[in-house]
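Here is what each chain is made of, one letter per residue.
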Amino acid sequence: MSMTTFTNSSRTSSLPRIAPPGQAESKTILAKLLAREDVQVIFSPSAETASFDSIQRKLVLPVWANMSENLNDMLVAHEVGHALHTPATEKELIDAISAVDPKMSSEAKMYVNVVEDIRIENAIKAEFPGSRKNFAVGYRELLQKGFFDLDAIPMHQRTLADRINIQAKIGFGIEVPFDDYEKEIVAKAFAVKTWEDVVESAKDVWEYDGTIGRKKIEEAMQNASLPDPNSKSDDDGESGQEGSGSGDSAETQDNDGGNGSSQSEDSNSQDSKEGKDSGEGASAGEDENPQIEGSKSVASTNTPEFAKPQAPSSMETLQRNLNNSRESRASERLYGVLPTPDLDQMILHWSEILKQTSSWIDGHDAETKNALAVGMAKFDAENNKQVTLMAREFERRKAALAHRRGKTSTRGILDVNRLHAYRYSEDIFRSYTTTKDGKSHGMMMFVDWSSSMSSVIGDTINQTIMLASFCRKVGIPFEVYGFSSHAPWEFRRMGSAPISSEDMPQCWSSENGELDAYGFTLLNILSSKMNNREFAIAKRNILALSDYVGHNEYLRSEGTGRYASMFRTTIPEIGRYCLGGTPLNSAIIAAFDLLPKFRNENKSQILNCIFLTDGDATDNVLTSEYVNGTRNYQANSGNSSREWNVPVWARHRNSRNFFSVNRGSTGYSDSNTVTRNLIQELRHHTGARILGFSIIHKTWNQMARMGNSGPRIDYNVLRNFVSLRDGSLVIPETQIFEEINKFSKDGVFPIPYMEGASNPFDELYIFSSKNMSTKTAEDLDNLAKDASITKIRNAFLRQNSATKNSRLFLNRFIGMISESL
């Protein structure tokens, strides 16, 4: 397990970090790698066996239980072999079965399957040599579990197709007998290369088993019913089950002196008897019945001697046992596509917000507007200095990294200006420096616009403005969105006039097979596309709005209450900016389209996406699918409410990768599980770095304190360290307690991504709502003129500490993006 370090001042985190996986389902990755195409991979408890729809390019896998990784991989590889090599059209499959048996029996289909399995497994092992181990270990596991049921029928009483299937799959672990003539047919089956070869070989085996093979089995069964004191066993062929076998090829199966010669003798005696009995029940075709010795052909299905052979027993029992190993009682999964967001409808553009909020502020009296101007001036005075210092630090780090990337080389051309130095310096050639370009960044931020944020919305907005100002100063493109539970058309309607249903467009598409999502609005409060004047007005307006819906320390004196804002509703539209629910999951789904769009527009190589919230999502999304424009809850056990009743799997419309929406490794489902799974897939789909800022409405001492029985850590912190496998903690609680105490002095506790833990973010930052202020302490300003040196020193220390701890977002962000320039 690799380690990472997070530095802030002199403190370093010792929490383990592992890079986030790109995909939840390893079997999905394996199938796509083997198939070399973007096939759909679906796990279905109702599927009796793995199958591949070659038309829709969809691989359906059962949900197996108690199977090793190698066995799972082998089953996946087998079906991918069919995906790559078995004909795609139904007509070709029907024609093949008809060529073997014109009556289109199910047994004939299994004969084709036996030979086709040989072809596709040989092909997949040749193309992907690493899969050979999976096949060997997987089939050995099935043999040890008795999935082939070898004790049910003695080997010499099995059809040739049955023995070929056993030889192909587990011939390395058991000796399978073939006589000399059968070996010719077996060799042909093992040498098939094309689909036409498969059909021809299956036909040969079918005709053999329906004529000569059938009579041999009848003779063997008759001999087995007679007592034979000289025989050690009625089933010599099974003596090799515990042996090492005789190799991988059918040609070597008779080299073991005992079993091979005994079987050959049995064959010769059967052949002689067939010759003697040929005169009984004579018919027109009996004279053409071939003898074993020296024969190169077999009676066809048109001869009177032919009788439809039995289905290969080993294949039937294998399929039955695999079927019994399924999680058939598990809930059937609902597979669907993420809905498409109407971004033009869903996003309230910054120009619209600027227009509405400016009109709102203009409606206030001169005293209020003057107080707003004073508060804004103080905000700029305190924060612009910090933004400038951080921008300089950013440029310093960038220059240092650029110098490290630089490489000085010589061209081999003399520099005449350095010739005088040849006696004491060898550096007389012209040199040049090649600098590897740094990577461009972009930032998108989603801010929780819910009612629980009211006590910290002002501090959060102040931090957000500083972060946007920093990005603007160093040239990083950015967009800031507040996600609100109010519908978009609410913000756009004029006055208090009612809205008709025609004026309420849907935020999401509702095509067949798509899942549902929550209607909400993204408030584009800040953007790097604003000019200087627009950005200055937007800062002022959003500062006022944060005080109107909550509290902002720059616009109120200390001790004023929640409803003491100097702003009032002068136009109906502004009342719709009030805080509501937390449509976090819907915002994440919208980000699947927003982030790629932002990357394309700004050419950002490294994209940082931040979700800032103080609680779990309140929108229960993706609980049903659309059928003909109507929500269908049938997959949810007929439940008409928006609840989780079955496992739901989704994919983006531009991807064929399904991911689990509402189930973790332990099968548990809740809103936090949905958020975690969406975040994981958002990272995989967009390639962005996903960061979380979590505000907890407690002091650091309340979040982590030492009790009589040991550390007592708040659930909202502790749950990020819970194992997805068994619900235990991935690191000891005492270590978590120590980390919190170490970083609480900096005002933020960083939690890196740890494999197997419930934290889904690349980095998660825990904040205390009591430590979010950006306002500098006023101790120095309020000191008396005759204050003592001790009072001045203490005031300076308090103000210096407050200045340092007040820049939480900015300090973390500058260090984060500097690491990957």
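Residues numbered from 1 in each chain as written. Predicted model: local features only at pLDDT ≥ 70, side-chain atom pairs only at ≥ 80, totals over all residues. Heavy atoms only, no water.

Undergrad: Help me understand the overall build of the protein chain, please; the structure alone is not making it clear to me.
TA: The number of helices and strands found in the protein chain is 24 helices and 22 strands. Expressed as a percentage of its 821 residues, the buried residues of the protein chain come to 52%. Once local pairs closer than 6 in sequence are excluded, the contacts in the protein chain between residues at least 24 apart make up 74%. Accessible surface computed for the protein chain: about 37700 Å², of which carbon and sulfur atoms make up 49%. (Helix = DSSP H or I, 4+ residues; strand = E, 2+ residues; numbered from the N terminus. Buried < 20%, exposed > 50% of the residue type's maximum accessible area, 1.4 Å probe, protein only. Contact = heavy atoms within 4.5 Å. Areas by Shrake-Rupley, 256 points an atom, 1.4 Å probe, with all protein chains shown as cover.)

Undergrad: Would you explain unusual backbone geometry in this entry?
TA: Excluding glycine, residues mostly carry a negative phi; peptide bonds, for their part, are mostly trans. For Met 104, which is not glycine, the phi dihedral falls at a positive 55°. Relative to the helices and strands, Met 104 is located in the loop between helix 3 (90-100) and helix 4 (106-127). Judged by relative accessible area, Met 104 falls into the partly exposed class, the value being 36%. Notably, Asp 149 is not glycine yet its phi reads approximately 50°, a positive angle. Topologically, Asp 149 is positioned in the loop between helix 5 (131-144) and helix 6 (160-170).

Undergrad: It is not clear to me how the sheet that holds strand 16 (residues 648-651) should be interpreted in this structure. Could you clarify?
TA: Pairing in this open sheet of three strands is mixed, and the strands run 6-16-17 from one edge to the other. Looking at which strands have only one partner, the edges of the open sheet turn out to be strand 6 (334-337) and strand 17 (659-660). Direction of pairing for strand 16 relative to strand 17: antiparallel, over a ladder of two bridges. What sits directly across from Ala 650, in strand 17, is Phe 659. (Pairing = 2+ DSSP bridges.)

Undergrad: How should the nonpolar core be read in this particular structure?
TA: Inside soluble globular proteins, nonpolar side chains tend to come together where they are buried. Core analysis: the largest hydrophobic core is formed by 64 residues, its most contacted members being Leu 142, Leu 160 and Ile 164. The greatest single-element share of this core, amounting to eight residues, is contributed by helix 4. Not counting residues within four places of it along the chain, the set of residues in contact with Leu 160 comprises Phe 178, Glu 182, Ile 185, Val 186, Val 205, Tyr 208 and Asp 209. (Core = buried A, V, L, I, M, F, W, Y, C linked by side-chain atoms within 4.5 Å.)

Undergrad: How should the packing of aromatic side chains be read in this particular structure?
TA: One pair of aromatic rings is described through two measures. These are the centre distance and the angle between the planes. Following the criterion strictly, the structure yields 18 aromatic pairs and no others. An angle of 45° between the planes, with centres 6.1 Å apart, marks the rings of Trp 206 and Phe 306 as tilted. Taken as a pair, Trp 206 in helix 8 (residues 195-210) and Phe 306 in the loop between helix 10 (257-276) and helix 11 (313-324) lie far apart in primary sequence, 100 residues in all. Both residues of the pair, Trp 206 and Phe 306, belong to the buried class. An angle of 20° between the planes, with centres 6.4 Å apart, marks the rings of Trp 508 and Phe 520 as stacked. Pair noted here: Trp 508 is in the loop between helix 16 (488-492) and strand 12 (521-527) and Phe 520 is in the loop between helix 16 and strand 12, with a separation of 12 residues, a long-range link. Of the two residues examined, Trp 508 and Phe 520, each falls in the buried class. Members of the aromatic cluster, joined through ring pairs, are Tyr 111, Trp 206 and Phe 306. If you follow Lys 125 out to its NZ or CZ, it ends over the ring of Phe 135, 5.5 Å from the centre. Over the aromatic face of Phe 535 sits the side chain of Arg 472, whose NZ or CZ is 4.7 Å from the ring centroid. (Phe/Tyr/Trp six-rings, centres within 6.5 Å; stacked < 30°, edge-to-face > 60°. Lys NZ or Arg CZ within 6 Å of the ring centre and 35° of its normal.)

Undergrad: I'm lost on the sheet that holds strand 10 (residues 441-448) in this one. Help?
TA: The pairing of strands in a sheet happens through backbone hydrogen bonds and is either parallel or antiparallel. If you walk across this open sheet you meet the eight strands as 7-12-11-10-13-18-22-21, and the pairing is mixed. Of all the strands in the sheet, the pair left with one neighbour each is strand 7 (347-348) and strand 21 (748-752). Strand direction decides the pairing type here: strand 10 and strand 11 (residues 478-484), joined by six bridges, are parallel. Each residue of the ladder has a partner; that of Met 445, found in strand 11, is Val 480. Where helix 13 (residues 350-362) meets the sheet, its contacts fall on strand 7 and strand 12, and the angle it forms with strand 12 comes to roughly 85°. (Axes fitted to C-alpha atoms, helices over the stretch in contact; angles between N-to-C directions.)

Undergrad: How do you make sense of the environment of Asn 302 when you look at a structure like this?
TA: Inspection of the secondary structure assignment puts Asn 302 in the loop between helix 10 and helix 11. Taking the C-alpha atoms as reference points, Asn 302 and Glu 207, 95 residues apart in sequence, are found 9.4 Å from one another.

Undergrad: Help me out: how do you make sense of the side chain of Asp 448 in this one?
TA: As for its position among the elements, Asp 448 is in strand 10. Despite its burial, Asp 448 pairs with no opposite charge, the nearest such side chain being Arg 719 at 10 Å. Engagement of the side chain of Asp 448 in a polar contact is seen with the side chain of Ser 450, the distance being 2.9 Å. Engagement of the side chain of Asp 448 in a polar contact is seen with the side chain of Thr 613, the distance being 2.7 Å. (Lys, Arg positive; Asp, Glu negative; His and termini not counted. Salt bridge = Lys/Arg side-chain N within 4 Å of Asp/Glu carboxyl O. Polar contact = N/O pair within 3.5 Å; in protein donor to acceptor, adjacent residues only side chain to side chain.)

Undergrad: When you look at the packing of helix 4 against helix 11 in this model, what are you seeing that I'm missing?
TA: For any two helices packed against each other, one specifies the inter-axial angle together with the distance between the axes. At a minimum axis separation of 10 Å, helix 4 and helix 11 run at an interaxial angle of 85°. If you check the angle between helix 4 and helix 11, you find them roughly perpendicular. Residues Met 110, Asn 113, Val 114 and Asp 117 of helix 4 form the contact with helix 11, whose participating residues are Met 315, Glu 316 and Gln 319. Its residues assigned to classes, the contact of helix 4 with helix 11 comprises three nonpolar, two polar and two charged. (Parallel < 35°, antiparallel > 145°, perpendicular 65-115°, else oblique. Nonpolar A, V, L, I, M, F, W, Y, C, P; charged D, E, K, R; others polar.)

Undergrad: How should helix 7 (residues 180-190) be read in this particular structure?
TA: An α-helical turn contains 3.6 residues, so any two residues separated by three or four positions project in the same direction. Every buried residue of helix 7 is listed here: Tyr 181, Glu 182, Lys 183, Ile 185, Val 186 and Ala 189. Its buried side turned inward, helix 7 meets helix 4, helix 6, helix 8 and helix 9 (212-225). Two or three places before Tyr 181, at the start of helix 7, stands the capping residue Asp 179, its side-chain oxygen 3.1 Å from that residue's backbone nitrogen.

Undergrad: When you look at the pattern of salt bridges in this model, what are you seeing that I'm missing?
TA: Opposite charge on two side chains permits pairing when their charged atoms draw close. Counted according to the given criterion, the structure contains 23 salt bridges. The salt bridge partner of Arg 492 is Glu 352, with a shortest N-O separation of 3.4 Å. Here Glu 352 lies in helix 13 and Arg 492 lies in helix 16, a separation of 140 residues in the sequence. Note that Arg 576 and Glu 490 form a salt bridge whose closest N and O atoms lie 3.9 Å from each other. Residue Arg 576 is located in the loop between helix 17 (532-549) and helix 18 (584-602), and its partner Glu 490 is located in helix 16; the two are separated by 86 residues in the primary sequence. Glu 490 shares its class with Arg 576; the two are buried.

Undergrad: Where do I start with the pairing of strand 6 in this structure?
TA: Burial along strand 6 is two-sided: Leu 334 and Gly 336 and Tyr 335 and Val 337, pointing in opposite directions, are all buried. Relative to strand 16, strand 6 runs parallel, the two being bridged by four bridges. By the bridge assignment, Val 337 is partnered in strand 16 with Arg 651.

Undergrad: Help me understand the pairing of strand 5 (residues 58-61), please; the structure alone is not making it clear to me.
TA: As a general feature of sheets, a regular strand has side chains that alternate between the two faces. Across four bridges, strand 3 (residues 40-43) lies against strand 5 in parallel orientation. Its bridge partner being in strand 5, Val 41 is matched across the sheet by Leu 59. Strand direction decides the pairing type here: strand 4 (residues 51-53) and strand 5, joined by three bridges, are antiparallel. Each residue of the ladder has a partner; that of Asp 53, found in strand 5, is Lys 58.

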